[in-house]
Amino acid sequence: MTGVSSSHKEASIKTGEFFVPDSKDKGVQVKNRISKIKNVIEGKLKRYYGRSLDNASKEEMFQAVAMSIRDIILERGVKANETMEKRGLKKLCYLSAEFLMGRALVNNMINLGLLKEYRAVMAEIGYPFEELEEQENEAALGNGGLGRLAACFLDSLSTLNLPVTGYGIRYEYGMFCQRIVEGQQTEVPDDWTAQGDIWEIERRAEQLEVHFDGTVEEVWTDHGLTIVHKNYQTVMAVPYDMPVIGYDSHVPATLRLWRAECPAVFDLHSFNKGDFVCMLQQKELAESISKVLYPKDDHIIGRMLRLRQYYFLASATMQCLVREHKKLYGDVRTLPEKVVIQINDIHPALAIPDLMRILIDEESLGWDDAYDIVSRMFNYTNHTVMQEAMAAWPEQLFKSMLPRVYAIVSEIDERFRQRLLKAYPDDRDKTAQMSIIAYDEVRTANLCVAVCRKVNGVSQLHGRILKTRTFRDFYVMFPGKFTAITNGITQRRWLAAANPALCELICDHIGDKFIRDCRELERLKPFVDSRRFLDDFAVIKQINKKRLSEYVQKRQGIALDAASVFDVQAKRLHEYKRQLLKVLHILYLYRHFTGNDHYVLPRPVTFLFAAKASPAYWRAKSIIHLINVVSTLVESHPRTKDNIRVAFLENYNVSLAEHLIPAADISEQISTAGCEASGTGNMKFMLNGAVTLGTMDGANVEIFDRVGEDNIFIFGAGAKDIDRIGTENTYNPKDYFDRNEDIREARGRQRPVSGYLPVSVVWGL
Ligand code: 26Y
């Protein structure tokens, strides 16, 4: 794909300072804007920090610039809200336990059409623009795909001028920072709010109470039988709002993150008794709820604090929605006309029973009316078919932590069972399989499918798997509920911000409409064979590879060879994603090089890995270790050293992805077919012109249909083959091992005697 660069050509490629959405906006206006922005920044420095442009610290400069941007977005937000309220527009609420936002500064400049101006201002002041970027802590409030999808959606919805609020948790510590020490992952806390986050606005006046534990009692009052939740523990939910602006948008999205706090006057009783320790324990318990993002993203067993986190998010959000709705429209019965709720996998599922609770206990609606409202408001997206992610909550714990919500879930379950019994009078097994509470567990996935209007899969293949496997019985009962809207990514961040040079090249050929609408990229088709276009593309790829090399050199002290092919696998570390398969491939190459003096590759290759492993996922961590050991191995041999290199890039996060993806020649998407729900990294790499090596899994299948076999190279069994192998019970990996010399050799020469041997020992290092 990439040709050899010439410095002459590199110099002729501009670096993407073209984002001026209004073409009528000519020289004078641009100049005016530049001086205005400069004044605003100067003013902020003076008023907030008592500094001037000359003596501001890096931190202060960043804050002042970010404030100037925030002002513009907030002003637009005020207008958008007024319009929304006046017109009574319906709003989307996107509930997610994760939002992997990344840095916001440059992205916001691009989306406001002001990048060029800000660059000019910084040049005028004599302040390096890159240093500004570097000052920003990134909001890494997510593990991977599910969280990044949530962030991309906020950008896209705002770009479409559609009103959306994302609701999440303001984790004090986000995704851990990964350090590689002696080849192994170590975790360092991500203290991202230490200096305070410039984008967020605390709205303490809008705080709400969330209740845990205690007991429920039925009480007869003048209005009949009511349920009273008594002796509960109160946790305060304090909202923090972050504005998110889409491209040239008039309707900024809001990301509302809840922080858990202890009530100001808490447990007066213990205090009066002088039980200071108990009081502090309660404070700690309350605050622990939003303390940290759980890094293992697909296992919930045994993690009761997680249940507290999820209920905290769900209940704070539902109370907030009802309160806002009543303020605007007065009547909770119109909720489904004004609000639609999307729940991002099962984490926020308790929003369903909690809205029932509010409607019944606080708004005095009857069960049927409440259920009718709730069942018209919720939609659920599933993001994984991994069995462990279907785990459920232990019933007794659920009941004691959330007694009122438990009673409501039981009632939903009871009524749902009645329907099941009618539909399958003789099939007790099926009823047990599909019910919400069974075998001493509360299954929130079944709750979502039973109640929600739509159940979405994130690619066509995943949608089919949900219908034929994961939720097969539900599909028979509710065929109309199931949809499959394939994931997407925002080209604003993953092309315009991450790869400005390529973005500009595309603009030069088809205009800038694709920044708003990806389908416009089809118009590049006539240039598939254009020598000039391809040459320019190759030069840009080369620039990006050098940029990545400098970045990696600076951060990790590793020298990459930008002239080699960059073959990249960047994603969470998981067995199903098969980083191990890539390592076996590298060992296979190593054996060929070392065993045969004439073995050559067309061009030297650098294999780049970037991945975080969940701290408790021992096997995933061993694979990281193995990658680092193999890196040393190939480097230590004179024959391989000049042909293949392996580098593990530390601390994969949004910022690293923005450097890495534009620099990739080959994108590795090699999961076991049927395991990767969609993948979105696959799309980001393709958008930046890497060819894909992949299996027929997730959205790769659809990418294959669109880009054809010249651009995506497919291998291995398909999802159906793997299903068949599974059901026939014929898969025995040892057979492959015994039959295939290459596999045997790749595994290393020394056999572990028993159990675990460090990979370095297996490879004789
Ligand atoms: C245990 C349960 C609460 C749970 C925990 C984590 C369920 C799901 C998850 C996370 C799933 C996830 O990140 N899935 C990824 O979602 C991306 C966006 O849809 C997909 O592209 C990707 O294939 C999938 O692995």
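Keep in mind the model is a prediction, meaning the values are calculated, not measured.

Student: Describe the sheet that holds strand S15 (residues 393-394), with residues and values.
Tutor: Pairing is antiparallel in the open sheet, where three strands are placed in the order S15-S17-S16. Each having just a single partner strand, S15 and strand S16 (437-438) make up the two edges of the open sheet. The pairing of S15 with strand S17 (residues 441-442) spans two bridges and is classified as antiparallel. If you follow Pro 394 over to S17, its bridge partner there is Glu 441.

Student: Residue-level account of the packing of aromatic side chains, with values.
Tutor: If you walk through the whole model with that rule in mind, you get 13 aromatic pairs. An angle of 20 degrees between the planes, with centres 6.4 Å apart, marks the rings of Phe 416 and Phe 478 as stacked. With Phe 416 in helix H15 (residues 403-423) and Phe 478 in the loop between helix H19 (472-477) and strand S19 (482-484), this residue pair connects regions lying 62 residues apart in the sequence. Seen in terms of ring centroids, Tyr 475 and Phe 482 are 5.6 Å apart; in terms of plane orientation they differ by 85 degrees. Their pairing is edge-to-face. On the basis of relative accessibility, which here comes to 30%, the residue Tyr 475 falls in the partly exposed class.

Student: Hey, could you go over the environment of Ala 150 for me, with residue numbers and the actual values?
Tutor: You can see Ala 150 is positioned in helix H7 (residues 145-159). For Ala 150, a relative accessible area of 0% translates into the label buried. As a C-alpha pair, Ala 150 and Ile 34 span 116 residues in sequence and 33 Å in three-dimensional space. The residues contacting Ala 150, other than those within four sequence positions of it, are Tyr 94, Ser 96, Glu 98, Phe 99 and Asn 344.

Student: Run through unusual backbone geometry, naming residues and quoting values.
Tutor: Residue Asp 213 is not a glycine yet carries a positive backbone phi of 60 degrees. Structurally, the position occupied by Asp 213 is in the loop between strand S8 (208-212) and strand S9 (215-221). In the Ramachandran plot, Asn 729 falls in the positive-phi region, its phi being about 60 degrees despite a non-glycine side chain. You can see Asn 729 is positioned in the loop between helix H29 (719-728) and helix H30 (733-739). Owing to a relative accessible area of 69%, Asn 729 belongs among the exposed residues under this scheme.

Student: Just give me the short version of the pattern of salt bridges, but keep the residues and values in it.
Tutor: According to the stated counting rule, one finds 46 salt bridges in the structure shown. One salt bridge in this structure joins Arg 256 and Glu 206, with 2.8 Å as the shortest N-O distance. Here Arg 256, found in strand S12 (residues 253-261), pairs with Glu 206, found in the loop between strand S7 (201-202) and S8; they are 50 residues apart in sequence, far enough to count as distant. A residue is classified by how much of its surface remains accessible, and Arg 256, at 5% relative accessible area, is buried. When its relative accessible area of 27% is taken as the criterion, Glu 206 is described as partly exposed. Residue Asp 413 pairs with Arg 417 through a salt bridge whose shortest N-O separation is 3.1 Å. Here Asp 413 pairs with Arg 417, and both are found in helix H15, just four residues apart, close to one helical turn. One continuous salt-bridge network, built from bridges that share partners, spans Glu 202, Arg 204, Arg 259 and Glu 261.

Student: An account of the pairing of strand S2 (residues 99-102) is needed here, citing residue identities and associated values.
Tutor: Where burial is concerned, the two faces of S2 agree: the one with Phe 99 and Met 101 and the one with Leu 100 and Gly 102 are both buried. Here S2 pairs with strand S3 (residues 139-141) via three bridges, running antiparallel. The residue of S3 that forms the bridge with Gly 102 is Ala 139.

Rules used throughout
Residues numbered from 1 in each chain as written. Predicted model: local features only at pLDDT ≥ 70, side-chain atom pairs only at ≥ 80, totals over all residues. Heavy atoms only, no water. Pairing = 2+ DSSP bridges. Helix = DSSP H or I, 4+ residues; strand = E, 2+ residues; numbered from the N terminus. Phe/Tyr/Trp six-rings, centres within 6.5 Å; stacked < 30°, edge-to-face > 60°. Buried < 20%, exposed > 50% of the residue type's maximum accessible area, 1.4 Å probe, protein only. Contact = heavy atoms within 4.5 Å. Salt bridge = Lys/Arg side-chain N within 4 Å of Asp/Glu carboxyl O.

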